[in-house]
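# Structural description and commentary
Spelled out, the chains give:
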Amino acid sequence: MPQHTALEADIIRALRQVYDPEIAVNIYDLGLIYELRTDDDNKAFIKMTLTAPNCPIADDVLQQVREAVADVPKVTGVEVELVWEPQWTTKMMSEEALLELGLL
């Protein structure tokens, strides 16, 4: 696991409040967050994917991510990039998510 700053840990907690509406597991434990970093000005940069490219509510999920991270104290801005490579698979899920879905 990568080491995270205190601010990044707070952002991860916020991301765990955003749920995939089709799977009912938070997007962080689903493995949808591919990259999270902050700069010296406390702006957050997130690279993420979705479980399917044709997700009908992709814009809603991205907006929820932006809002959740923007609400974290000390975050000065949020940039979210939606990517499709590498393609998401269930192997990217955390053990907690696998347990929650009965896959372990």
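Look above for the structure.
Cut-offs applied
- Throughout this document, residue positions are counted from 1 along each chain, in the order its sequence is written.
- Since the coordinates come from a predicted model, pLDDT governs what is reported: local features require at least 70, and pairs of side-chain atoms require 80 or more to be given and counted, while whole-chain, interface and lining totals use all residues.
- Neither water nor hydrogens contribute to the side-chain values; these are computed over all heavy atoms in the structure.
- The way it works is that DSSP assigns letters per residue, a run of H or I at least four long becomes a helix, a run of E at least two long becomes a strand, and they are numbered from the N terminus.
- Throughout this description, buried means an accessible area under 20% of the type-specific maximum (1.4 Å probe, protein chains only), exposed means over 50%, and partly exposed covers the range between.
- Residues count as neighbours in contact if any of their non-hydrogen atoms are within 4.5 Å of one another.
- For two strands to be treated as a pair, DSSP must find at least two bridges joining them.
- Helix axes use the C-alpha atoms of the stretch in contact, all axes being lines fitted to C-alpha atoms, and the angles between their N-to-C directions lie in the range 0 to 180 degrees.
- Here the expected length of a helix is defined as 1.5 Å per residue gap, with one fewer gap than residues.
- Throughout, the arc means that of the directions going from the helix axis to the C-beta atoms.
- Two rings belonging to Phe, Tyr or Trp (six-membered ring only in the last case) form a pair when the distance between their centres is within 6.5 Å. Interplanar angles under 30 degrees mark stacking, angles over 60 mark edge-to-face geometry, and anything in between is tilted.
- We count a charge as sitting over a ring when the NZ of a lysine or the CZ of an arginine lies within 6 Å of the ring centre and within 35 degrees of the ring normal.

## Examining the side chain of Asp29
- Structurally, the position occupied by Asp29 is in the loop between α1 (6–15) and β1 (33–38).
- Its relative accessible area of 8% is what places Asp29 among the buried residues.
- Not counting the four nearest positions on each side in its chain, Asp29 is found in contact with Arg16, Met92, Met93, Ser94, Glu96 and Ala97.

## Re the sheet that holds strand β2 (residues 43–48)
- The mixed open sheet is built from three strands, whose spatial order is β1-β2-β3. Where the open sheet ends on each side, the last strands, each with one partner, are β1 and β3 (77–82). Within this sheet the neighbouring strands show an average axis-to-axis angle of 15 degrees, counted without direction.
- Each of β1 and β2 is contacted by α1, which is oriented at about 140 degrees to β1, the strand it contacts most.

## As for the pairing of β3
- Pairing of β2 with β3 involves six bridges; the strand directions are parallel. Bridge assignment links Phe45 to a residue of β3, and that residue is Glu79.

## Some remarks on helix α2 (residues 58–70)
- Over its 13 residues, α2 extends 18 Å from the first C-alpha to the last, a length consistent with the 18 Å expected when each residue adds 1.5 Å.
- Residues of α2 that are buried: Ala58, Val61, Leu62, Val65, Ala68 and Val69. For α2, the angular spread of the buried residues around the axis is 130 degrees, confining them to a single face.
- Looking at the buried positions of α2, the neighbouring elements they touch are α1, β2 and β3.

## Considering the packing of aromatic side chains
- Taken as a whole, this structure holds zero aromatic pairs when the rule is applied.
- Geometry around Phe45 places Arg37 over its ring, the cationic atom sitting 4.3 Å from the centre.

## As for unusual backbone geometry
- Residue Pro86 follows Glu85 across a cis peptide bond; omega there is -5 degrees.
- The residue Pro86 is located in the loop between β3 and α3 (95–100) in this model.
- The backbone of Ala24 shows a phi angle near 60 degrees, a positive value even though the residue is not glycine.
- Despite not being glycine, Asn42 shows a phi value in the positive range, around 70 degrees.
- Mapped onto the fold, Asn42 is located in the loop between β1 and β2.
- With a relative accessible area of 26%, Asn42 lands in the partly exposed category.

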